Structures are given as structure tokens and as C-alpha cells.
Amino acid sequence: MKNDIILSGVGGQGILSIAAAIGLAAVENKLHLKQSEVHGMSQRGGDVQSHFRLSDKPVASDLIPLGKADLIISVEPMEALRYLPWLSLNGWLVTNSSPYINIPDYPPVEDLLSEIRKIKNHIIIDAETIAREAGSARAGNIVVLGAASPFISVPFNSLENSVKKLFMRKGEEIVGINIRALRAGRTFTESN
Amino acid sequence: MNRKLLLGDEAIAQAGIDSGMSGMYAYPGTPSTEIMEYVQSSASAAELNIHREWSANEKTAMEAALGMSYTGKRAMVAMKHVGLNVAADAFINSALTGVNGGLVVVSADDPSMHSSQNEQDSRFYAKFAFVPCFEPTNQQEAYDMVFDAFELSEKYNTPVLLRITTRLAHSRSAVELKRDRVPLKPLLLPADPLQFVLLPSLARKKYRALLESYETLRYDARIAKYNVFRDGKKRELGIIACGIAYNYLIENTGEGELDFPVLHIAAYPFPGDIVKDIVSRCRELLVLEEGYPVIEELMRGYLDSGKRIMGKLDGTIRRDGEMTPAVVAKALGMPVAEGIDVPAGVRLRPPSFCRGCGHIDMFNALIEAIRPFGPGRVFSDIGCYTLGALPPYNAINSCVDMGASVTMAVGAADAGLFPSVAVIGDSTFTHSGMTGLLDAVNKKSPVTIIISDNSATGMTGGQKSQATGHLEKIVAGIGVDPQHIRLMVPLRKNHEENVRIMKEEFEYRGVSVVIASRECIQTASQRKKSGTSD
């Protein structure tokens, strides 16, 4: 088994929390993993990505080879497209639909969504709205993780456990919001 | 067995704690920052009372670590690759003094310049200083090597360089903390009271001893065990892969299926025999290394008359940028899988100022105040405010090395540029701007230094700034006329006043310092969340 995942978004949107959640679940399931992150200058509103590699065998490269990713999880639609060269032809692309506009020449969102719809296996989810229903718009990244969870090679309850662990110190209420967000994302994909 | 999910940086930090270091020294710099941050947040480091405060710059960090080594205790110092330039004087001379307690110097290179000004390869520094160097292949090896580095350091009386690159520094994997913790060393001064005295007469002897031990240590088991040769049946090609470049090789070929002789190098200096051996077995050679073609150049030499060597010097592999699985696949002549092209509509998204950042208001005032004097007269420095070079600001004309804004403004003023302005952050100012300001004061240079003070080392994540709380006193202490030390709060509501203050100081024909202070909004919001008031 191997599961190569690209996580993408804009600095500050919380892709490292998604990575941390998958990481904890991977450790719980005794899988091998390597997870390459972006720190430093790009975290200031630039494009950021993380290469996440899960396997039942030791992983060599910290980077996913071009054309070999099984999944792209993006919390932003334009950032979802930036990493298409890594996506395998049978891979899945799961992305939030709401744009993060901090550049003057941001393209029309509808153009981006129609490019995403050209990908054979895609899920487009309005994560902000669903997160708000779960209790906080800030849980949008966890909604996207939930939507991508059917394509991640760890049991869903392991992801729930990691979300609990990640948000534990912020209190019961925040844990509850994020668990609801995770489940709502999962339900969205399962019913589409 | 204790397993932890750690970044390469964190594995090094954990190994430092586990191998009995008494002090960790560093100045923040991507991709090395998380080493110190990990030690600072470690409960064991607190329990052991390991020193773990940021230093003013890499040179002071390196020297403090050497001072700790002098007392017989183990010390580690960490920096980004260009930080080693700042610490180079101390680093190179520490090879001559030798150590007392073990001393490990970590330098994190940044090929592809994700967050840097150049791509220099720290392995050159190791060779230049005659210091052994480890180049870990993965997080586990990074952890294990620290133990060997400390032992090697004490056995051969030498600092040891640990060279990593961005991809290992910032990649997470499970690490087995399989070693017993080494107890902290007691305070024990050097047996020879002149060991650290580099008077020429003494330094000459030390240099001869250094050259000798550098030849001896290359045969040490701690070096040998990381340079692994694996023979293969085929003889057409032999592959030499250094550090993490080996991972990209295995990614392409698979661990078991590789049929070529492979030499994996992860510790320097190594005996030439191991290279001669693989060369003698194979018709052609491929050298894979991240950074400069260090090994390849050695093999080729000037004579370059032997076998075909493929690598960065013959164009098989591009000279710049980091290694990737695709780069290695191409070098091996293997097909590279094609993904889907990026659609044309996708735009670049460079980093930008955070909404509400104080640097924005400082630049807005600066742009208006400098306009009457014309463009091309603002020297700047390294930090978030370097983003002022980009549209819509286009406000600065240089970013070279830490502190250079001040001294370049002085040099331009010497040449007759007036006004000549520097924009520097508070942390960069105390890192390397203060000495340049002393030059300006002594020469009465007509320069205006704007210190954009956000009370943090912002770019690397808001670490403590050594300037916080005494910036004004430092500037006054260096000798700037108090009438020309101007304070302002960079907020939109103060814009008119701030423009007026800057204009007045631009017109003044002497040294003036404008301190524009407002806390980094990132650290301010973290502080609000954590509920601390400091």
C-alpha cells in the first residue's frame, strides 16, 4: 500500500493541521510516513504545499515524484490546480471552492472551477459554509480533510482520534466543532 | 521503543538533548529555526536546565558555544547556511583551537532558495576549515549522527559540522530514540591553559596538528559506517550518491532491484580508496549530490582524463536548485511520469505582507516622504520588510546580507548620494546593523536609518528580538544625536505626521535614526490567543 498526498493552500490556511491529523492517524496505524512542509517566507500569504507519503513499507524520498500523487487535498481552488503535474491520471482532487484572493490578478473563480471539473476524479466542496454549520468557519480545513478522507489509507475513526488530540487543549467545544466538520466533509463526499 | 514523529530539525534537537549537550545556541534562519524552537519547548531540556536562548547573531552563537565547549561541556550551535558566513571567523578558528567539551555546528543549506539569498554548500566550509562533516540521509540518521558527531568531536578535539538541506530540515518522519541518554558533562577546564590561545607561534603548531588529525580521522569508524558501498552485477554504471540524493535514487530504482554498484556518502572526509574502488569497477560514473558538485569536482580534478563522469559539471544534472525524484530519474535515463499541465489561468502567489502589518504603514510614509528626492536611494535588508521591493510598493533598492542596508547607505553617502536611506528591522539591526551605525556616527555620514521595529524576528516566526525594550538606548549609546532619534508608530492615522518626520530627517545632513515601532501582528495575535501579557 502506498498513499501519496499533496496538501495545498495559502500560508495561514491551516494545511499543516491537516497534515498533523493524517500524521497522527498514520502513527496510530503503524504506517511509515514522510511529510515535507514549507516553512519560512512563503508562509506569509504565499502558496504553500506539503508532500505527504504514507506506506506500509519504508518511504525513500521526502518528495512525491511527478505524476505519482494519489490525492491532492486543497483548501483553495487555484492552489488545487498548481500541483496537477504531481497528480496521477487516476488520482483524486479534493478542493474547497472558496477562493483566497490576496493578489491583484486573481482569475475568475468560475474559470478555476471549470478547470477542476476537467479532472476525472474531483470533489469540490464549499468548506466554509459547511464549517459554519458545524460551528465555526475556521474549521474549513477540517471539512476538506473529511471530504478527502475516503481516499486516505487510514480508518476514519483514526482521523477522528487525531482531530480530538489536535484540538484537545483548546477545549471540548472546539473539539466538537472540528469533529462535526470532519464528519460533515466525509458525508458530503459519500453522498456525491 | 520510543518513536517520535519529528522534522529533520527536531530530530537533531532531540539528539542534542539526548546526547548530553549543556547548551544550544542559534540565531533564527530558515530552514534551521526549528532546531532551537524544539529545544526551547522541550520539557526534558527544561528539566536538564540546558541553555536555550537565542543569540544576537550566528557569530555570537558560535562563540558562545565554543566558550561552553571550553568548560568541558557539550554544546550545539545551529544556523542557516548564510549564517555560517557570519560565524565563519569563529568557526574556522575553532578548528585550530580545538574543543574541550564536544562541539557540533549545524548548518542548514537552502538549495532552490526557498527562503534565502543564495545556494551555498556548507560542505565547502567543512573542507575549508579541516572539520569533519556529516550529511544525514533521513531523520533517523540525523538523530543518530549527532551522537557520533559529539564523540568524534571529543576524540579528535575538533568541532564537527552537521550539514542538512531544506528537504530534510522540514520533512517529518518517525525517529526511534534508541540511545541511552548521555549525562551532562561536568565543568572541567582545558588541561592546557593555552589551548585556546591562537598567537601565531602557537597557531602554527596547532595548524600542523590539525592537518595531521584531519588525515587520521577519515579512517575513524564513525565516518566509515556512514559511507556505504554496495556492489552490483552490472558494470556499465557506478553511482555515487551523497546524503538525501540517495533517497531520490532509491525512489526511482527501488531498494532491492538496483543492480549497479552504489557508493552512498554521508560523512566527510572519507578515504579516497572508497571512490577509487567504485571507479575501478565501473565503465561510467554518475554523481548525485544536493548543492555544489563537491565530490564530482574532486573526482574530475584538472586532469579529467579518466572515465566518463556524469553529474552537474557535464550538464547531466542542472547546477542550480534542489534534487528531486525527477532530476535523478532523468539522470538515470528513466522515464518521468507526466501529470497534468498547470492550467494557464493559475497565477503566481508570492508571499505578501500580512493584513494590518506595521511595515506597510512605514513603507507608505517612506514612499511619500522620499518621492521629492527621486528613486533609487533606499537600501534595505533581510526580513519581512524585504517584500517592500515588490509591487505595489517598489520601495527598496537592495537586500544583500544581514546589516548591509546601513553600511551600503553609508558607502553611497560617501559617494555623494543624498539623501541616502536604510530600512532595517529591529532584529536585523542588532544582528549586524549596530557596527555599521557606529561607522556612520564616527564619520558623520548624512544617512537616515529607518528601523522598522516589530519587536520580533518576524520572518522566521516571531522569535524574540534582541532589540526589544532597548532599541532607543542602543542607538543613543552608539552616539546618534538624541534630536535625530525620532520615534513613530506606523499606523494609518499617523501617516501625515510620519511623512513629515521622515522628510525632516532626510533633509538633515548627519546621522539620523527613525524608529517606527508597532508589534508584529502575528506575534500580537499569538500573544492574545495564549493570554500572556509579556
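Every chain is numbered independently, its residues counted from 1 as its sequence is written. By the order in which they are written, chains take letters starting at A while ligands take numbers starting at 1. Two thresholds apply to this predicted model, a pLDDT of at least 70 for residue-level local features and 80 or more for giving and counting side-chain atom pairs, whereas whole-chain, interface and lining totals are computed over all residues.

1. What to know about the overall build of chain B
- What counts as a helix is a DSSP run of H or I of at least four residues, what counts as a strand is a run of E of at least two, and both are numbered from the N terminus. Along its length, chain B carries 21 helices and 18 strands.
- Every radius of gyration here is taken over C-alpha atoms, with the globule rule written as 2.2 Å times N^0.38, N being the number of residues. For 534 residues, the compact-globule estimate of 2.2 N^0.38 gives 24 Å, and chain B sits close to it at 25 Å.
- When its C-alpha atoms are laid out on the principal axes, chain B stretches across 75 × 65 × 50 Å.
- Restricting the contact set of chain B to residue pairs at least 6 apart, pairs at least 24 apart contribute 78%. Any two residues are considered in contact once their C-beta atoms, placed from the backbone, lie within 7 Å.

2. A closer look at the overall build of chain A
- If you tally the helices and strands in chain A, you get seven helices and six strands.
- The N-to-C order of helical and strand elements in chain A reads β-α-β-β-β-α-β-α-β-α-α-α-α.
- On C-alpha atoms alone, chain A measures out to a radius of gyration of 15 Å, which is about the 16 Å that the 2.2 N^0.38 rule sets for 192 residues.
- Principal-axis analysis of the C-alpha atoms places the extent of chain A at approximately 40 × 40 × 40 Å.

3. Digging into the confidence of the model for chain B
- Overall, the prediction assigns chain B a mean pLDDT of 95, with 99% of residues at 70 or greater.
- The ipTM value of the predicted complex is 0.94, and its pTM value is 0.96. A residue's pLDDT is the confidence the predictor assigns to it, expressed on a 0 to 100 scale.

4. Some words on helix α1 (residues 8-18) of chain B
Residue and element names in this part refer to chain B.
- For the exposure call, what matters is how many other C-beta atoms sit within 10 Å of a residue's own: 20 or more marks it buried, 12 or fewer exposed, and in between partly exposed, using C-beta atoms placed from the backbone. Within α1, 10 of the 11 residues are buried, which leaves it mostly tucked inside the rest of the structure.
- Along α1, the residues that are buried comprise G8, D9, E10, A11, I12, A13, Q14, A15, G16 and I17.
- Within two residues after α1, G20 carries a phi angle of roughly 80°, on the positive side.

5. What about the nonpolar core?
- Formed by 169 residues in total, the largest nonpolar core has its most connected members in V143 of chain A together with A26, V77, L162 and L288 of chain B.
- Counting residues per element, this core draws most heavily on helix α1 (residues 15-28) of chain A, at 10 residues.
- An automatic or database domain assignment supplies the start and end points of every domain. Two domains each provide a minimum of three residues to this core, namely domain 1 (3-184 + 196-218) and domain 2 (228-331) of chain B.
- Each residue touching A26 of chain B, except ones within four places of it in the same chain, is listed here: S32, I35, M36, W54, S55, A61, V77, A78 and M79 of chain B.
- F379, I396, L437 and L471 of chain B belong to the second-largest nonpolar core, a separate cluster that totals 49 residues. Here, a nonpolar core denotes buried Ala, Val, Leu, Ile, Met, Phe, Trp, Tyr and Cys residues that are linked to one another through C-beta atoms within 7 Å.

6. Some points on the interface of chain B and chain A
- In this assembly, 38 residues from chain B lie in contact with 40 residues from chain A.
- Listed by contribution, the elements that provide at least two residues to the side of chain B that touches chain A are α9 (166-169), β7 (171-176), α12 (245-253) and α15 (325-331) of chain B.
- For the side of chain B that touches chain A, a count of residues per class yields 19 nonpolar, 12 polar and seven charged. Here the nonpolar group is Ala, Val, Leu, Ile, Met, Phe, Trp, Tyr, Cys and Pro; Asp, Glu, Lys and Arg are the charged ones; every other residue, Gly included, is treated as polar.

7. With respect to the sheet that holds β7 of chain B
- For two strands to count as paired, DSSP must find a minimum of two bridges between them. Spatially, the eight strands line up as an open sheet ordered β6(A)-β5(A)-β4(A)-β1(A)-β3(A)-β2(A)-β7(B)-β1(B), and their pairing is mixed. Unpaired on one side and paired on the other, β6 (121-125) of chain A together with β1 (3-7) of chain B mark the two borders of the sheet. Geometrically, the sheet is characterised by an average inter-axis angle of 20° between neighbouring strands, direction not taken into account.
- As judged from the five bridges shared by β1 of chain B and β7 of chain B, these two strands associate in the antiparallel manner. To get an axis, a line is fitted to the C-alpha atoms, and for a helix only the part in contact is used. The angle between two axes follows their N-to-C directions and goes from 0 to 180 degrees.

8. Some remarks on the domain arrangement of chain B
- Along its sequence, chain B is organised into domain 1 (3-184 + 196-218), domain 2 (228-331) and domain 3 (358-526).
- With centres defined by C-alpha atoms, the gap from domain 2 of chain B to domain 3 of chain B works out at 47 Å.

9. Quick word on the packing of α1 of chain A against helix α6 (residues 156-167) of chain A
Residues and elements named next belong to chain A.
- Contact geometry for α1 and α6: axes closest at 8 Å, N-to-C directions at 120°. Taken together, the axes of α1 and α6 lie oblique to each other. Crossing of α1 against α6: the hand is right-handed. Seen from α1, the contacting residues are S17, A20, A21, L24, A25 and E28; seen from α6, they are S158, L159, N161, S162, V163, K165 and L166.
- Residue composition of the contact of α1 with α6, grouped by class: seven nonpolar, four polar and two charged. Working definition: roughly parallel below 35 degrees, roughly antiparallel above 145 degrees, roughly perpendicular at 65 to 115 degrees, and oblique for all remaining angles. In this scheme the crossing of two helices becomes right-handed for a clockwise turn of the near helix relative to the far one and left-handed for an anticlockwise turn of less than a right angle.

10. As for the environment of G23 of chain B
Residues and elements named next belong to chain B.
- You can see G23 is positioned in strand β2 (residues 21-26).
- Residues G23 and L103 lie 80 residues apart in sequence; the distance between their C-alpha atoms is 9.9 Å.
- Once you skip the residues sitting within four places of it in the chain, G23 turns out to touch I50, H51, A65, M68, K73 and A75.

11. A few points about the sheet that holds strand β17 (residues 485-488) of chain B
Residues and elements named next belong to chain B.
- Pairing within the open sheet is parallel, and its five strands lie in the order β14-β15-β16-β18-β17. Of all strands in the sheet, those bounded by a partner on one side alone are β14 (378-379) and β17.
- One ladder, built from four bridges, connects β17 with strand β18 (residues 512-517); its direction is parallel. In the sheet register, I485 faces β18, and the bridge partner there is V513.

12. With respect to unusual backbone geometry
All names here are of chain B.
- Backbone torsion omega between T30 and P31 reads 5°, so that peptide bond is classified as cis.
- Looking at the element boundaries, P31 is found in the loop between β2 and α2 (33-41).
- That bond from Y268 to P269 is cis: its omega, -5°, falls within 30 degrees of zero.
- Inspection of the secondary structure assignment puts P269 in the loop between β11 (267-268) and α13 (273-281).
- Although it is not a glycine, N394 adopts a positive phi angle of roughly 45°.
- Note that N394 resides in the loop between β14 and α17 (404-414).
- Residue classification places N394 among the partly exposed residues on the basis of 13 C-beta atoms within 10 Å.

13. Description of the pairing of strand β4 (residues 103-109) of chain B
All names here are of chain B.
- Along β4, seven of the seven residues are buried, which leaves the element largely enclosed by surrounding structure.
- Of the two faces of β4, both are covered, the one formed by L103, V105, S107 and D109 as well as the one formed by V104, V106 and A108.
- For strand β3 (residues 74-80) and β4, the ladder comprises six bridges, and the chain directions are parallel. Paired with A75 across the strands is L103, a residue of β4.

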